[in-house]
Amino acid sequence: MRPFAIFFALVLSFTCLAQSPAQSADTGTPPKTTYLLAGRLFDSTSDKVRESVVIVVEGERIKAIGSASDIKIPEGATVMDLSHSTVLPGLIDCHTHLGSRADRYNELYNFRDTPFTHAIFAVGNARKTLEAGFTSVRDVGSEPFLAVDLRNAIGEGFAIGPRIVASGPGISITGGHGDLNNFSPQTRVAMFPEERDFQIADGVDQVVHVIRAQIKYGVDVIKILSTGGVLSRGDSPGAPQYSFEELKAAADTAHMAGRKIASHAHGTQGIKNAILAGIDSIEHASLIDDEGIRLAKEHGTYLDMDIYNDEYLLNEAPKHGLPVENLEKEKLVGKLQRENFQKAVKAGAKMAFGTDAGVYPHGDNAKQFYFMVKYGMTPAQAIRAATSSAADLIGRSKDVGTIEAGKYADIIAVDSDPLADVRSLEHVSFVMKGGVVYKNEHGGVK
Ligand SMILES: [Zn+2]
């Protein structure tokens, strides 16, 4: 079969197999109503907890919320008993790489893996992420256009996973964080050579083109790499990798198309360039200084600081082939990033929860909460960074991020008090997405 014929065959089979929960509405049957009994509710509209609350879910959305004394549950209704749990909005990770695995740091995988390998990993990783309580993610960097396809497959009900706000590959300068560096010029791994894999762009014209091309193929968000990185070869995390003019053109092009733009930036100057260019979130922000924090506040730029994965990179990744160059770079930035996180929290900068999942194993996303609290947040602040603030950053506040009438029924529960011990989020006992239960250790359906 020619490639396009294979493509159409796949589309057809996806369409035929799709069983979206929303489809019950099309069949004429009334949407299903479920009553959740929440012992404690942190709805993420404030830092407060309410006790003995009933959440009424109709179809894929929340219909009403009220005290157990106010909401009458009809005889024979479907009831989920979470009366011994704390109920929260589904969590949101604003920085994942669902196509990546954390046990493949050996550089040989650059040449062994096919794009299909990564897509297959992504399907498994998406499920693990959802079962860990993350009902939405922003996926910020994979082969073209893995995240878009996965988003669609999950949306159609063919694969199980979180809602995905999908980017294309992170856009990089030649020789930058997104390029394959320090091999012979004869060495090349390319899917779309004429488009430089929708990833490598130099100068304003190429940057504008690659963003328009990514949008043409369905991305929700743009990811650009404004400084060097830790897990790339031959570049320095501290060094800027795009000029201010290139970043400004990138932000303007994305915004003109109604897309937000996230920038990978470790280095002090690259962070400022990205903020001043109008980029919506700074990923990593490791070496941000006081002026950078002030600028982020002034421009309303979110900081999305992945302060858990240092633990994994230093202790586990070397066992999986992490080259010494990358390990040394992580040692340079990891500790400073945590100190700067603390400064940014104290200064009141806008913070969202993003972990760089894929650098460490998917499903461990919630391990970052502990470090956010250790480095200056209250548990409520950390949870709001992963719910209401994250929803604001990804542009989905209308649908997710809080437990309120009208929003998607993306609801999780934990069995101990996350406001007393935020680590309780590392074990989520109940996960509902769009009114469908994907995990329930209580078995409490009446
Ligand atoms: Zn990343």
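Worth saying up front: this structure is predicted, and the values here are computed from it rather than measured.

Cut-offs used in this document
Residues numbered from 1 in each chain as written. Predicted model: local features only at pLDDT ≥ 70, side-chain atom pairs only at ≥ 80, totals over all residues. Heavy atoms only, no water. Helix = DSSP H or I, 4+ residues; strand = E, 2+ residues; numbered from the N terminus. Rg over C-alpha atoms; globule rule 2.2 N^0.38 Å. Buried < 20%, exposed > 50% of the residue type's maximum accessible area, 1.4 Å probe, protein only. Areas by Shrake-Rupley, 256 points an atom, 1.4 Å probe, with all protein chains shown as cover. Donors = N, O, S within 2.8 Å, 3.2 Å for Na, K, Ca; no water. Contact = heavy atoms within 4.5 Å. Polar contact = N/O pair within 3.5 Å; in protein donor to acceptor, adjacent residues only side chain to side chain. Axes fitted to C-alpha atoms, helices over the stretch in contact; angles between N-to-C directions. Parallel < 35°, antiparallel > 145°, perpendicular 65-115°, else oblique. Left-handed = near helix turned anticlockwise from the far one by under 90°. Pairing = 2+ DSSP bridges.

## Side note on the overall build of the protein
What the protein contains, in helices and strands, is 13 helices and 14 strands. For 446 residues, the compact-globule estimate of 2.2 N^0.38 gives 22 Å, and the protein sits close to it at 22 Å. Across its three principal directions, the C-alpha atoms of the protein cover 70 × 55 × 45 Å. Out of the 446 residues in the protein, the part that is buried amounts to 52%. Surface accessibility of the protein: about 18700 Å² in total, with carbon and sulfur atoms responsible for 54%.

## Examining the coordination of the zinc ion
Around the zinc ion, the protein contributes the donor atoms His 95 (NE2), His 97 (NE2) and Asp 356 (OD), at 2.1 to 2.3 Å from the metal centre. Sequence spacing of the donors to the zinc ion: H-x1-H-x258-D. Placement of the pair is His 95 in strand 5 (residues 91-96) and Asp 356 in the loop between helix 10 (324-347) and helix 11 (367-374), with a sequence separation of 261 residues. The buried category is assigned to His 95, whose relative accessible area is 1%. On the basis of relative accessible area, Asp 356 is assigned to the buried category, the value being 9%.

## Section: the environment of Asn 181
Relative to the assigned elements, Asn 181 resides in the loop between strand 7 (163-166) and helix 5 (203-216). As for Asn 181 and Thr 114, which are separated by 67 residues in sequence, their C-alpha atoms are 19 Å apart. Beyond its immediate sequence surroundings of up to four residues, Asn 181 is in contact with Gly 175, Gly 176 and Arg 233. Reaching out from Asn 181, the side chain makes a polar contact with the backbone oxygen of Gly 175 at a distance of 3.2 Å. Of note is the side chain of Asn 181, whose polar atom sits 3.1 Å from the backbone oxygen of Gly 176.

## With respect to the packing of helix 7 (residues 268-277) against helix 8 (residues 290-299)
Between helix 7 and helix 8, the shortest axis-to-axis distance is 10 Å and the interhelical angle comes to 15 degrees. Considering their axes alone, helix 7 and helix 8 lie roughly parallel with respect to each other. The way helix 7 lies across helix 8 gives a crossing that is left-handed. For the pair helix 7 and helix 8, the contacting residues are Lys 272, Ile 275 and Leu 276 in the first and Glu 291, Gly 292, Leu 295, Ala 296 and His 299 in the second.

## Description of the sheet that holds strand 8 (residues 221-225)
Adjacent strands of a sheet form backbone hydrogen bonds with each other and so pair up, either parallel or antiparallel. Here four strands make up an open sheet; going across it, the order is 8-9-10-11 and the pairing parallel. Each edge of the sheet is formed by a strand with only one pairing partner; in this case those strands are strand 8 and strand 11 (302-304). Between one strand and the next, the sheet's axes are offset by a mean angle of 25 degrees, whatever the strand orientation. In this structure, strand 10 (residues 281-284) lies alongside strand 11, joined through three bridges in parallel fashion. Each bridged residue has a counterpart across the sheet, and for Glu 283 the counterpart in strand 11 is Asp 304. Relative to the sheet, helix 6 (residues 244-256) contacts strand 8 and strand 9 (260-265), its axis offset from that of strand 9 by approximately 150 degrees.

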